[in-house]
Structures are given as structure tokens and as C-alpha cells.
Amino acid sequence: MRIRPERVAQLMRREIASILERDLRDPRLQDRWVSVTDVEVTQDLSMARVYVSVLEGGPSREQALEALQSAAGYVRHALAPRLGLREMPEIRFLLDTSIERGARVEDLLRRIARGEVIPDEDPS
């Protein structure tokens, strides 16, 4: 029974990426690099958490996330015929910062390899 939510999540990830790329025409998303990094679906298929990465930072990132939240109903409606599910999960968009954290770690490792001293950072 565990395979179905994972399969639905995989299909949703591919189809949502396609919808965002081709169908969504929100000006807050224009010229922003938004990619779907992961989708998690609850066991009962009632809700899907869609993790997205936005290349730009600061207020642009927040605007893009707001645009995605407001377009969640449209995305859900567009997904229904593509997935063929009787009940479509509710969609929530969440920001995924793992790519940025990975780039930061890579930068730190590169600097350490060059012998640079890395100052302590505030953990918050």
C-alpha cells in the first residue's frame, strides 16, 4: 500500500513542473527560475506538499511563492485530468532551500581546501 502515494507523488512532480513551465502566466513568476524539487503525498492522498526551489532570493522569492500559493487551485484543476484520480489532493507549495545549502557547503569546502580561514557564523 506504500507504493501508491509515492507513485502519485512522482507523477505529480512531473506534471506540476510541466504546468508551471507551460501553462501558468502569473507576472510574479515571469523571469524567475522556479523548479519543482519534490512532492510528498499523504497516505490517504488528501494533501500534497510541493517543494519548489526559486533561483532568485529576497522579495522575489517571496513573490514567487505567493504566486504559486494563489495558483494552487488552478494547478490542482489542471492536474485532475492528467492524473485520472477520483479525488485530487489539496496542494501546498513550500520553499526548498536544499540547493542553496548545498552550494554553501560546497563553497565552504572549496575555501577550506584553498587554506582560507572560515570565520564562525551565527547559527540562527
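Calculation rules
Every chain is numbered on its own, with residues counted from 1 as its sequence reads. Whole-chain, interface and lining totals are the exception, using all residues; otherwise, since this is a predicted model, local features are given only for residues with pLDDT of at least 70 and side-chain atom pairs are given and counted only at 80 or more. Hydrogens and water are ignored here; the side-chain numbers use all heavy atoms of the structure. Two strands are said to pair when DSSP picks up at least two bridges between them. A run of DSSP states H or I qualifies as a helix once it reaches four residues; a run of E qualifies as a strand once it reaches two. Both are numbered from the N-terminal end. The convention used is that axes are lines fitted to C-alpha atoms, helices contributing only their stretch in contact, and that angles between N-to-C directions extend from 0 to 180 degrees. Here, a salt bridge means any Lys or Arg side-chain nitrogen found within 4 Å of an Asp or Glu carboxyl oxygen. With a 1.4 Å probe rolled over the protein chains alone, any residue whose accessible area is under 20% of its type maximum counts as buried; one over 50% counts as exposed, and the rest are partly exposed. One less than the number of residues in a helix, times 1.5 Å, gives the span that helix is expected to have. Nonpolar core, defined: a set of buried Ala, Val, Leu, Ile, Met, Phe, Trp, Tyr and Cys residues in which side-chain atoms within 4.5 Å join the residues together. Here a residue-residue contact requires only that any non-hydrogen atoms of the pair lie within 4.5 Å. Patch members must show over 30% relative accessible area and no salt bridge, and they are joined within 9 Å when carrying like charges or within 5 Å when they are nonpolar side chains of Val, Leu, Ile, Met, Phe, Trp or Tyr. Each accessible area is a Shrake-Rupley estimate made with a 1.4 Å probe; only the visible protein chains count as cover when residues are assessed. As a per-residue measure, pLDDT tells how confident the predictor is, with possible values from 0 to 100.

Draft legend 1. Structural detail: the sheet that holds strand β1 (residues 34-41). Across the sheet, three strands lie side by side as β1-β2-β3; this open sheet has mixed pairing. One side of each edge strand has no neighbouring strand; the edge strands of this open sheet are β1 and β3 (90-95). Within the sheet, the average angular offset between the axes of one strand and its neighbour, ignoring direction, is 25°. Sheet topology places strand β2 (residues 47-54) next to β3; six bridges connect them, and they run parallel. In the strand pairing of β3, V52 is matched with L95.

Draft legend 2. A look at the pattern of salt bridges. What the rule picks out here adds up to 11 salt bridges. The salt bridge partner of R110 is E106, with a shortest N-O separation of 2.8 Å. Here E106 and R110 lie together in helix α4 (residues 98-113), a separation of four residues that amounts to about one turn. Judged by relative accessible area, which is 47%, E106 ranks as partly exposed. Close ionic contact of R111 with E116 constitutes a salt bridge, the shortest N to O distance being 3.2 Å. A single network of salt bridges, built from pairs that share partners, joins R104, D107, R111, R114 and E116.

Draft legend 3. View of α4. The end-to-end C-alpha separation of α4 is 22 Å, in line with the 22 Å expected for 16 residues at 1.5 Å each. Count one or two residues on from α4 and you reach G115, which has phi positive near 90°.

Draft legend 4. Representation of the nonpolar core within the structure. Within the largest apolar cluster, 30 residues are counted, with the highest numbers of intra-cluster contacts made by M12, I16, L79 and F93. Residue assignment for this core shows that the elements contributing at least two residues are α1 (3-22), β1, β2, α2 (59-70), α3 (72-83) and β3. Looking at this core, the element that brings in the most residues is α1, giving six residues. Those residues in contact with F93 that lie beyond four places of it in its chain are I16, V50, V52, L65, L68, Q69, A72 and V75.

Draft legend 5. How the structure looks around a nonpolar patch on the surface. A grouping of V105, L109 and I112 is seen on the molecular surface, where their side chains present a nonpolar patch of about 290 Å² in accessible area. Considering the arrangement of structural elements, one finds V105 in helix α4.

Draft legend 6. Broad picture of the confidence of the model for the protein. Within the protein, residue pLDDT values average 87, and 94% of them lie at 70 or more. When the elements of the protein are averaged for pLDDT, α4 gives the smallest value, 85, and β3 the largest, 95.

Draft legend 7. Region of the structure containing the pairing of β2. Across the eight residues that make up β2, a large majority, seven, are buried. In the sheet, β1 pairs with β2 via seven bridges, with the strands oriented antiparallel. Bridge assignment links S35 to a residue of β2, and that residue is S53. Remark: five residues form the turn of the hairpin made by β1 and β2, two consecutive strands paired antiparallel; L45 in that turn has positive phi of roughly 60°.

Draft legend 8. How the structure looks around unusual backbone geometry. Despite not being glycine, L45 has its phi angle at roughly 60°, a positive value. The residue L45 is located in the loop between β1 and β2 in this model.

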